[in-house]
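# A look at the structure
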Protein chains: 2
Amino acid sequence: MTNLTIALDAMGGDVGPRVIVPAALQALASNPTLKLLLVGKPDAIQPLLAPFAHDSKAAELVSRIQIIPADNIIANEAKPSQAIRQSKGTSMRIALDLVKSGEAQACVSAGNTGALMGLAKLMLKSIDGIDRPALMTVLPNIEKGKTVVLDLGANVNCDSQMLVQFAVMGAVMAEELAGIQHPKVALLNIGEEDSKGLDNIREAAAVLKQTASINYIGYVEGNDLLTGKTDVLVCDGFAGNVTLKTMEGIVRIILSLLKSASTKNKKPSWWVQLAKKWIKKRIIKRFGELNPDQYNGATLLGLKGIVIKSHGAANEQAFIAAIEHAVHAVERQVPDRIAARLKIVLPKSEQ
Amino acid sequence: MTNLTIALDAMGGDVGPRVIVPAALQALASNPTLKLLLVGKPDAIQPLLAPFAHDSKAAELVSRIQIIPADNIIANEAKPSQAIRQSKGTSMRIALDLVKSGEAQACVSAGNTGALMGLAKLMLKSIDGIDRPALMTVLPNIEKGKTVVLDLGANVNCDSQMLVQFAVMGAVMAEELAGIQHPKVALLNIGEEDSKGLDNIREAAAVLKQTASINYIGYVEGNDLLTGKTDVLVCDGFAGNVTLKTMEGIVRIILSLLKSASTKNKKPSWWVQLAKKWIKKRIIKRFGELNPDQYNGATLLGLKGIVIKSHGAANEQAFIAAIEHAVHAVERQVPDRIAARLKIVLPKSEQ
C-alpha cells in the first residue's frame with residue numbers, strides 16, 4: 001500500500017471534533033501508511049489531541065495528523081444553494097479543495113448533504129459521461145453477499161439517462177468493492193412487469209436491455225432490497241432515500257425490541273434468561289450489519305475525486321467506517337475505473 | 001349490525017377459489033349477518049362448497065353464499081388500460097357492478113391492481129373533490145397505535161392537490177378506523193427541513209399548513225414509518241409502494257431467520273430449545289403484526305363505493321383479513337364520511 005492522505009471535514013454534521021478526532025486516531029492505528037488532514041477550528045481540535053502527546057505510541061498517530069485551519073462551518077439546516085454561495089473558508093470547502101489540489105486523495109464529511117454534493121460537483125467536476133453524481137452504499141444481503149444501492153438522495157429528480165449512468169457506476173462498484181464478477185443490475189420499481197412504474201424508469205430499462213456490457217436483470221421491488229436478488233439496485237434519490245431510511249428504521253426497532261425484551265416481564269427463570277441471551281446475540285449480530293452505525297459512509301460517485309458522506313449523527317465507530325470507505329475507494333482508484341468503464345459503455349456520452 | 005352483503009372477485013389474483021372459498025366460509029362464521037356474493041366460474045366454486053352440504057352448521061354458512069357467474073378473468077400481468085377495455089364479463093367487473101347497483105355494499109378483489117383501480121373509478125366514480133382514488137393501509141406502530149399510510153401504489157405520479165386530498169382522506173380514516181382524535185398528518189419526505197424533497201411535496205406542505213382542520217405536523221422520513229411519530233403518512237404511490245414493500249421484505253426476513261434459527265447448528269440441549277421456542281414465539285407475535293398475511297387488504301379510498309384490494313398471493317388468513325376490512329368500511333360508512341369531511345376542508349374542490 002502506498003502512502004495515502006485523506007482530508008476530514010472535522011466540523012461537519014452533528015458530530016464535530018469530539019467524535020471525529022478519536023475516530024481519526026483509531027483509523028490511523030489500523031492503517032499505518034495513512035495520513036489525515038483535519039480541517040476545522042484549531043481551538044476545537046488541538047485540545048482533543050493534547051492528551052496523547054506523552055504516550056509514544058499515541059504520539060506516532062498524532063504525528064500523522066495535520067490540522068488545516070478553517071474558521072467557518074456550513075450549517076446542517078442551511079439551504080444548499082445559499083450554503084454553497086457562502087462556502088468560502090468553511091471546513092467542508094477547504095477539505096474538498098485539498099482533494100482538488102491533490103494534497104489529499106479523498107475527503108470525508110458528515111456535513112450538509114446537499115451542500116457537499118453541490119460543492120463537490122462544482123470543485124471536483126463530474127467524470128466525463130456523468131451528468132450528476134450519486135450517493136451509493138453497499139448493504140449486506142441474506143445470501144451473505146453485498147448489494148450496491150444508488151442513488152440514496154443526491155438527486156431527487158432523475159431522468160432515464162442518469163439512471164443508466166448510475167447503473168454503470170453501480171456495476172463498477174459491485175466489481176471493485178464487493179468483488180462480484182458480471183454483477184446483476186436491477187431498477188427499483190413497484191412491480192416486475194415492463195409496463196410498471198414511472199416513464200424515466202421504463203426508458204432506462206429499455207436502454208439497459210440494449211447495453212451488452214451490463215448484466216441487466218429487470219425490475220426489482222422494495223421487498224427484495226436485502227434478498228440478494230440483485231447485486232446492484234438503481235433508483236432515483238427520493239426512492240433510494242425512502243427505502244434505505246425505512247430499512248434503517250425497522251432494523252433499529254428490531255434491535256431495540258430485542259435489547260429491551262428481557263426487562264419487560266417479571267424476571268424469568270435462569271435458563272430462559274440464558275437462552276434468550278444466546279438467541280438475542282445471534283440475531284443482533286445478523287441485523288447489526290444493517291445498523292447504520294456499521295455500514296456508515298455513502299460514496300459520492302461520479303466525481304473526478306473521492307468524497308465520502310458520513311451520517312450527520314455518526315458515532316465514533318460509524319465515522320471510522322466512513323474513513324475506511326475512503327481508504328478503500330482510494331486503493332481501488334474508483335474514479336479512474338468508472339471513467340474507463342464509461343468510455344466503453346457510453347461512448348456517445350464522452351465530452 | 002344490519003345485514004351486509006359483500007361481493008368477492010372469486011377468480012382474481014394468484015389465489016383463486018381454493019383460497020377464497022374457505023376464507024369466505026370463515027368470514028361468514030364470524031359475521032352472522034354477512035352475506036357473500038362469489039363472482040366467478042360456477043364450475044370452479046361449486047365443488048369447493050359441496051362437501052359442506054351435509055353438515056348443518058356449515059350448510060347455514062353456505063346458505064349465505066350466492067354464486068354470481070362470470071366466465072372471464074382479468075390476467076394479473078395484463079396492461080390495465082387494455083384489461084379495462086376488455087373487461088366485459090370478467091369476475092372483477094361484475095363484482096364492481098354489484099357494488100354500483102347496490103346489490104353489494106363493498107367488493108374485495110385480489111386481482112390486477114391497476115385494472116381494479118381503473119375499473120373502480122370508471123364504474124363507481126370518485127367522491128366529489130377527489131381527483132384520483134388512493135390505496136391505503138393501516139399499520140401497527142411500536143407505540144401500540146396505528147398508522148394510516150397512503151397512497152400505496154394506485155398513483156405513481158401525484159400533484160400537490162392529490163397529496164392534500166390523500167391527507168384529508170387519511171385523517172378521516174385515522175379517526176374512523178383507528179379511533180384517533182385529531183390525528184397527526186405528515187408528508188413522507190427525504191428530510192425534515194422545508195426545503196427538502198420534490199416540488200409537489202413542498203406545495204402540498206404549504207397548503208396543509210394553512211388547512212386548520214388538518215393537524216399537519218410536517219415531513220417525516222422513512223425511518224419513522226413504524227415509530228408512531230405520525231398517525232397518517234401521505235406519499236405518492238411510488239414512494240408508498242417502495243416503503244411498504246421494503247418493510248414487508250425485512251419483516252419476512254426476520255421471521256424466516258427466527259423460524260430457521262434452531263435448525264442450523266448442532267442440536268442444542270432441551271432447555272435451550274424450550275427457551276428459544278418461547279422467545280421466538282414472542283418476537284414472531286410482535287413482528288407478525290407486520291406480516292403481510294396479517295394486515296392484508298388495502299382500501300381503495302376516494303370512491304363512491306367500497307373496494308378492498310387483497311394481495312395477489314394472499315393465503316386464507318390474509319383473505320379473511322381483507323373481507324374483514326370490507327366489513328369495517330361498510331359499518332363505518334367510509335365514503336360518506338370522507339365526502340362529508342371534504343365538503344368542510346376543500347369547499348373549492350366541490351363539483
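Residues numbered from 1 in each chain as written. Chains lettered and ligands numbered in written order. Predicted model: local features only at pLDDT ≥ 70, side-chain atom pairs only at ≥ 80, totals over all residues. Heavy atoms only, no water.

## Topic: the overall build of chain A
Across its full length, chain A holds 13 helices and eleven strands. Residue burial in chain A is summarised as follows: out of 351 residues, 58% are buried. Restricting the contact set of chain A to residue pairs at least 6 apart, pairs at least 24 apart contribute 73%. Per element, the accessible surface of chain A, about 14,800 Å² overall, is 50% carbon and sulfur. (Helix = DSSP H or I, 4+ residues; strand = E, 2+ residues; numbered from the N terminus. Buried < 20%, exposed > 50% of the residue type's maximum accessible area, 1.4 Å probe, protein only. Contact = heavy atoms within 4.5 Å. Areas by Shrake-Rupley, 256 points an atom, 1.4 Å probe, with all protein chains shown as cover.)

## Notes on the sheet that holds strand β2 (residues 34-40) of chain B
Residues and elements named next belong to chain B. As summarised here, the arrangement of the eleven strands in space is β3-β2-β1-β4-β11-β10-β5-β6-β9-β7-β8, forming an open sheet in which the pairing is mixed. The sheet is open, and its two borders are formed by β3 (65-69) and β8 (215-220), each paired with just one other strand. Taken pair by pair, the neighbouring strands of this sheet meet at an average axis angle of 25°, ignoring direction. Against the sheet, helix α7 (residues 160-176) touches β5 (134-140), β6 (146-150), β7 (184-188), β9 (232-234) and β10 (298-301), its axis set at about 160° to β9. Helix α12 (residues 316-331) rests against β1 (4-9), β2, β4 (106-109) and β11 (306-309) of the sheet, and its axis sits at about 140° to β1. (Pairing = 2+ DSSP bridges. Axes fitted to C-alpha atoms, helices over the stretch in contact; angles between N-to-C directions.)

## Some remarks on the domain arrangement of chain A
All names here are of chain A. Assigned domains of chain A: these are domain 1 (1-130 + 302-320) and domain 2 (131-300). Around 1,600 Å² of area is buried between domain 1 and domain 2 when both sides are counted, 59% of it from carbon and sulfur atoms. Per-residue buried area on domain 1 facing domain 2 is highest for M117, I130 and H311; these three make up 39% of the total on that side. In this assembly, domain 1 and domain 2 are joined by zero salt bridges. (Domains from an automatic or database assignment. Buried area = accessible area lost by both parts, 1.4 Å probe. Salt bridge = Lys/Arg side-chain N within 4 Å of Asp/Glu carboxyl O.)

## A look at the packing of α7(B) against helix α13 (residues 334-345) of chain B
Residues and elements named next belong to chain B. For the pair α7 and α13, interaxial distance at closest approach is 10 Å and the crossing angle is 130°. Our classification of the angle between α7 and α13 gives oblique. When you trace α7 past α13, the crossing you get is right-handed. For the pair α7 and α13, the contacting residues are V168, M169, V172, M173, E175 and E176 in the first and V334, R337, I338, R341, L342 and V345 in the second. (Parallel < 35°, antiparallel > 145°, perpendicular 65-115°, else oblique. Left-handed = near helix turned anticlockwise from the far one by under 90°.)

## Here we look at the pattern of salt bridges
Two side chains bearing opposite charge may form a pair once their charged atoms approach each other closely. Within this structure, the stated rule accounts for 18 salt bridges over all chains. Its salt-bridge partner being K209(B), residue D194(B) comes within 3.4 Å of it at the nearest N-O pair. With a gap of 15 residues between them, D194(B) in the loop between β7 and α8 (199-209) and K209(B) in helix α8 connect regions that are remote in the sequence. Residues joined in a network through salt bridges with shared partners are E192(A), D224(A) and K229(A).

## Let's talk about the side chain of D236(B)
Residue and element names in this part refer to chain B. Assignment of secondary structure puts D236 in the loop between β9 and α9 (237-264). Summary of buried charges: D236 has no salt-bridge partner, and the nearest side chain of opposite charge, R132, is 11 Å away. In contact with D236, other than residues within four places in its own chain, are D151, N155, V156, C158 and L163. (Lys, Arg positive; Asp, Glu negative; His and termini not counted.)

## Some details on the sheet that holds strand β3 (residues 65-69) of chain A
All names here are of chain A. Pairing within the open sheet is mixed, and its eleven strands lie in the order β3-β2-β1-β4-β11-β10-β5-β6-β9-β7-β8. Edge strands, defined here as strands with exactly one partner in the open sheet, are β3 and β8 (215-220). Taking each pair of neighbouring strands and ignoring which way they run, the sheet shows an average axis angle of 25°. Bridge analysis of strand β10 (residues 298-301) against strand β11 (residues 306-309) gives three bridges, and the strand direction is antiparallel. Bridging from a neighbouring strand, T299 pairs with I308 of β11.

## Points about the pairing of β11(A)
Residues and elements named next belong to chain A. Alternating positions in β11 separate into two faces, I306 and I308 on one and V307 and K309 on the other, with burial throughout. Pairing analysis gives four bridges linking strand β4 (residues 106-109) to β11, with the strands arranged parallel. Note on β11: the bridge partner recorded for V108 is I308. In this structure, the hairpin formed by β10 and β11 is closed by a connection of four residues, where G302 is found at a positive phi of approximately 105°.

## Side note on unusual backbone geometry
With the exception of glycine, most residues fall at negative phi, and the peptide bonds are largely trans. Along the chain, L150(A) connects to D151(A) via a cis peptide bond; the corresponding omega equals 0°. Inspection of the secondary structure puts D151(A) in the loop between β6 (146-150) and α7 (160-176). Of note in this structure, K125(B) is not a glycine but carries a positive phi near 70°. Along the chain, K125(B) falls in the loop between α6 (113-124) and β5.

## A closer look at α7(B)
The first and last C-alpha atoms of α7(B) sit 24 Å apart over 17 residues, in line with the 24 Å expected at 1.5 Å per residue. Two or three places before Q161(B), at the start of α7(B), stands the capping residue D159(B), its side-chain oxygen 3.2 Å from that residue's backbone nitrogen. (Expected span 1.5 Å × (residues − 1). Polar contact = N/O pair within 3.5 Å; in protein donor to acceptor, adjacent residues only side chain to side chain.)

## Brief notes about the pairing of β8(B)
Residues and elements named next belong to chain B. Direction of pairing for β7 relative to β8: parallel, over a ladder of five bridges. Paired with L187 across the bridge in β8 is Y219. With respect to chirality, the unit in which β7 leads through α8 into the neighbouring parallel β8 is right-handed. (Right-handed = clockwise from strand over helix to strand, strands pointing away.)

## Quick notes on the environment of C107(B)
Residues and elements named next belong to chain B. Along the chain, C107 turns up in strand β4. With relative accessibility at 0%, the residue C107 sits in the buried group. Remark: the alpha-carbon pair of C107 and S56, spanning 51 residues in sequence, is separated by 28 Å. Other than its neighbours up to four places away in sequence, C107 contacts I6, A7, A95, L96, V99, I306, V307 and I308.

## Concerning the environment of A174(A)
Residues and elements named next belong to chain A. Among the structural elements, A174 can be located in helix α7. On the accessibility criterion, A174 (0% relative accessible area) is buried. Taking the C-alpha atoms as reference points, A174 and V138, separated by 36 residues in sequence, lie 8.4 Å from one another.

## Describing the packing of α7(A) against helix α8 (residues 199-209) of chain A
Residues and elements named next belong to chain A. Where α7 contacts α8, the axes come no closer than 8 Å and their chain directions differ by 50°. With respect to α8, the element α7 is oriented oblique. Viewed along their axes, α7 and α8 form a crossing whose handedness is right-handed. From α7, S160, L163, V164 and A167 reach across to α8, where they touch N200, I201, E203, A204, V207 and L208. Across the contact of α7 with α8, the residue classes break down as seven nonpolar, two polar and one charged. (Nonpolar A, V, L, I, M, F, W, Y, C, P; charged D, E, K, R; others polar.)

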